[in-house]
Amino acid sequence: MKETDIAPILAALGHSARLGIFRLLVRAGETGLNIGEIGRHTGLPASTLAHHLGGLVQVGLVRQEKHGREVVNHAEILAVRNVLGTLIDECCIGVDVGQEEEMV
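Fair warning: this is a prediction, and the values are worked out from it, not measured in the lab.

Basis of the calculations
Residues numbered from 1 in each chain as written. Predicted model: local features only at pLDDT ≥ 70, side-chain atom pairs only at ≥ 80, totals over all residues. Heavy atoms only, no water. Core = buried A, V, L, I, M, F, W, Y, C linked by side-chain atoms within 4.5 Å. Buried < 20%, exposed > 50% of the residue type's maximum accessible area, 1.4 Å probe, protein only. Helix = DSSP H or I, 4+ residues; strand = E, 2+ residues; numbered from the N terminus. Contact = heavy atoms within 4.5 Å. Lys, Arg positive; Asp, Glu negative; His and termini not counted. Salt bridge = Lys/Arg side-chain N within 4 Å of Asp/Glu carboxyl O. Polar contact = N/O pair within 3.5 Å; in protein donor to acceptor, adjacent residues only side chain to side chain.

Considerations on the nonpolar core
In this structure, Ile21, Phe22, Leu25, Ile38, Leu56 and Leu61 are the most contacted members of the largest nonpolar core, which totals 19 residues. Elements supplying a minimum of two residues to this core: α1 (3-13), α2 (16-28), α4 (46-58) and α5 (77-88). Leave out the neighbours within four places in its chain, and Ile38 touches Ile21, Leu24, Leu25, Leu33, Leu49, Leu53 and Asn73.

Pasting the structure below:
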């Protein structure tokens, strides 16, 4: 992954409400949670919750499935694993001090 792909994901998780929603969905596992359930757990008003869920969906951290009138939300665990893997893949390989790397 490129840094331009990683930055929006980390930015989305950088807000306490979105981080809380994501962690809640991680705990819910594959069954996921509908919007009402997330609201009950977080105490967020519906419009605020919709805003934050939209941000998580936009960057690929949450997948939504429609079941009739209900929307079930699922954490995309693989997306976070990819981001974290990319951040630590080059751990301890050293840095060539005489050469600048392009950070894009």
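Structural notes on unusual backbone geometry
Positioned with a positive phi, Cys92 is a non-glycine residue whose angle comes to about 65°. By the secondary structure assignment, Cys92 is in the segment after α5. For Cys92, a relative accessible area of 75% translates into the label exposed.

Comments concerning the side chain of Arg18
Among the structural elements, Arg18 can be located in helix α2. Here Arg18 occupies a buried position and makes no salt bridge, while the nearest side chain of opposite charge, Glu76, is found at 17 Å. In terms of polar contacts, Arg18 uses its side chain to reach the side chain of His52, at 3.0 Å. Leave out the neighbours within four places in its chain, and Arg18 touches Ala11, Ala12, His51, His52 and Leu56.

Focus: the pattern of salt bridges
Tallied over the full model, the rule gives two salt bridges. Glu65 is paired through a salt bridge with Arg63; the nearest N and O atoms lie 3.4 Å apart. When its relative accessible area of 28% is taken as the criterion, Glu65 is described as partly exposed. Residue Arg63 is classed as partly exposed on the basis of its relative accessible area of 27%. Its salt-bridge partner being Glu76, residue Arg63 comes within 3.2 Å of it at the nearest N-O pair. In this pair, Arg63 sits in strand β2 (residues 62-67) while Glu76 sits in the loop between β3 (70-75) and α5, placing the two residues 13 residues apart along the sequence. Put simply, Arg63, Glu65 and Glu76 are held in one network by salt bridges that share partners.

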